[in-house]
Amino acid sequence: MDITLNFGCDGLALSLPDAWTVDVLEKHPMPVIEQPQSHIEQLLDHPSASLPLKALARGKRSACILICDDTRPVPNGLLLPPMIRRLLDAGIAAEEIDILVATGLHGPVEGSRLDALLGTKELPEKVKISNHYARSDEDHVPLQPTSSGIPVCLDRRFVEADLKLVTGLVEPHFMAGYSGGRKVIAPGICHEKTIRQLHAPILLDHPRASLGCLENNPLHEAQLEILHQLGDVYGISVVLNEQRQLCFADFGALEQGHARAVEFFRSYGEITVEKSYSTVLTSSAGDPLDRTYYQTVKAMVGAMAAVRPGGKIFVASACGEGVGSADYIEAQKLLVNKGLYKFHREMLQRPRAKIDEWQTQEQVKAMQKADVVLYAPGLDESQARLTGVEVVEDLEAAVASWVEQCGDERVAVVPEGPYVLLQPAVSTGENR
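Residues numbered from 1 in each chain as written. Predicted model: local features only at pLDDT ≥ 70, side-chain atom pairs only at ≥ 80, totals over all residues. Heavy atoms only, no water.

Student: I tried to follow empty space enclosed by the protein on my own but got confused; where do I start?
Tutor: To find leftover empty space, one rolls a probe the size of a water molecule over the atoms. Within the structure shown, the criterion is met by three cavities of 30 Å³ or more. One number sums up the size of the largest cavity: a volume of about 350 Å³. Considering the residues around the largest cavity, the lining is formed by 28 residues, among which Arg72, His106, His173, Lys183 and Pro187 are closest to the centre. Secondary-structure elements contributing two or more residues to the lining of the largest cavity are helix H6 (182–185), helix H9 (218–228), helix H11 (293–302) and helix H14 (357–369). It is H11 that provides the largest number of residues to the lining of the largest cavity, a total of three residues. Among the residues forming the lining of the largest cavity, the class breakdown is 12 nonpolar, 12 polar and four charged. Here the second largest cavity defines a volume of roughly 90 Å³. Around the second largest cavity sit Lys27, Pro73, Leu169, Val170, Glu171, Leu240, Asn241, Arg244, Phe265, Glu416 and Tyr419, which together line it. Of the residues in the lining of the second largest cavity, the class split is six nonpolar, one polar and four charged. (1 Å grid on protein atoms, 1.4 Å probe; cavity = no way out; pocket = protein on both sides within 12 Å on 5 of 7 lines; lining within 4 Å. Points joined across faces, edges and corners; volume = space filled by probe spheres on them. Helix = DSSP H or I, 4+ residues; strand = E, 2+ residues; numbered from the N terminus. Nonpolar A, V, L, I, M, F, W, Y, C, P; charged D, E, K, R; others polar.)

Listed below in structure tokens is the structure:
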């Protein structure tokens, strides 16, 4: 059987033996919006549950639009120009409009990467385009702590803007349940100390802080508390299919619009897994998510619902930009040097997370259930050792060897990796 995994920009073609029973786990086909540009224009002028954007902007002096960094394929070139035109038409001066890249603790997006992220050359010259810097104290203002005691400091450019707008892609997220919406704010424009507390090991070890889970998810609840402190926040939430085509968009109050996007995604992207597999072959969803090993961890967690305890998860990820940040590398070194269980035990004793350690914590969850095998041609030998998993040069051969060894020729393939939400037919603790 010939299959193609989402991998880099071009995909990874593989050939699996015809004698195997191969189950391809993928989203149901989504209806595509045939004229996305006119659809967005109509949405901004005639939203279903909000005043039109121009009406919201009228009488305001300033506006700040949050956009995700370039780890997510948000169609900014489609969204930003019509938004800004309406802000200008409402009387907001171009120099009072700030497009703020919600980087969290990721590095800034600059140069050609920023051009690609914006996806358009149609923006007026005087519109400000900025990156959020989580370690810059003067860029942040304090708000009230959350009910669980998390200190809240947010980027003042957003807090002090008269009109607060957010764009975001809604997809499954392995800690917050779903990305987009409130997550673009928290952790997107939070101070470092807020981000580290939002990602505290004990919080992320909660069984409800997991993929596709919003109800009683302590991270989601903290994010909503932060959102509620900001007053009126509006946004566009979008859903894309595997070909990155626009399938859903909502404009209006951020929390409600995000919820409608989640509901839409679930009807197409939530796939029930009727049985568990000894072998799961998946991807890190291709570019931009598979540029680093840091983001690749999401593929491991996404496959957990399909793999049986003691099975193997095979992940294909280009990793052309290496492992990840220096902080993440330090976390991975601790995992490799201390071992799985000692690392996890010591990590849970810390009241707040070390920077980027949360990704290693999520990897531990996957490794506690199954062995992980990685195909990542972008990593050199020293980088491969930092992953803490088996790294192979021939993915087809590695999968074939394992299938022969385990004697189970039923194989699950998840071409789109963590962009598909796999749900076990009967929810058990082992899948959470």
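Student: What should I look at first to understand the sheet that holds strand S19 (residues 410–414) in this one?
Tutor: Sheets are built from strands that pair by backbone hydrogen bonding, the pairs being arranged parallel or antiparallel. With parallel pairing, the six strands of this open sheet are ordered in space as S3-S19-S15-S16-S17-S18. The strands lining the two open edges of the sheet, one partner per strand, are strand S3 (21–24) and strand S18 (390–391). Where strand S15 (residues 277–283) lies against S19, four bridges are found, and the strand directions are parallel. Across the sheet, residue Thr282 finds its bridge partner in S19, namely Val414. Strands in contact with H11 are S15, strand S16 (307–316) and strand S17 (371–375); relative to S16, the strand with the most contacts, it is inclined by about 140 degrees. (Pairing = 2+ DSSP bridges. Contact = heavy atoms within 4.5 Å. Axes fitted to C-alpha atoms, helices over the stretch in contact; angles between N-to-C directions.)

From the geometry alone we can't say anything about function, so treat these as descriptive.
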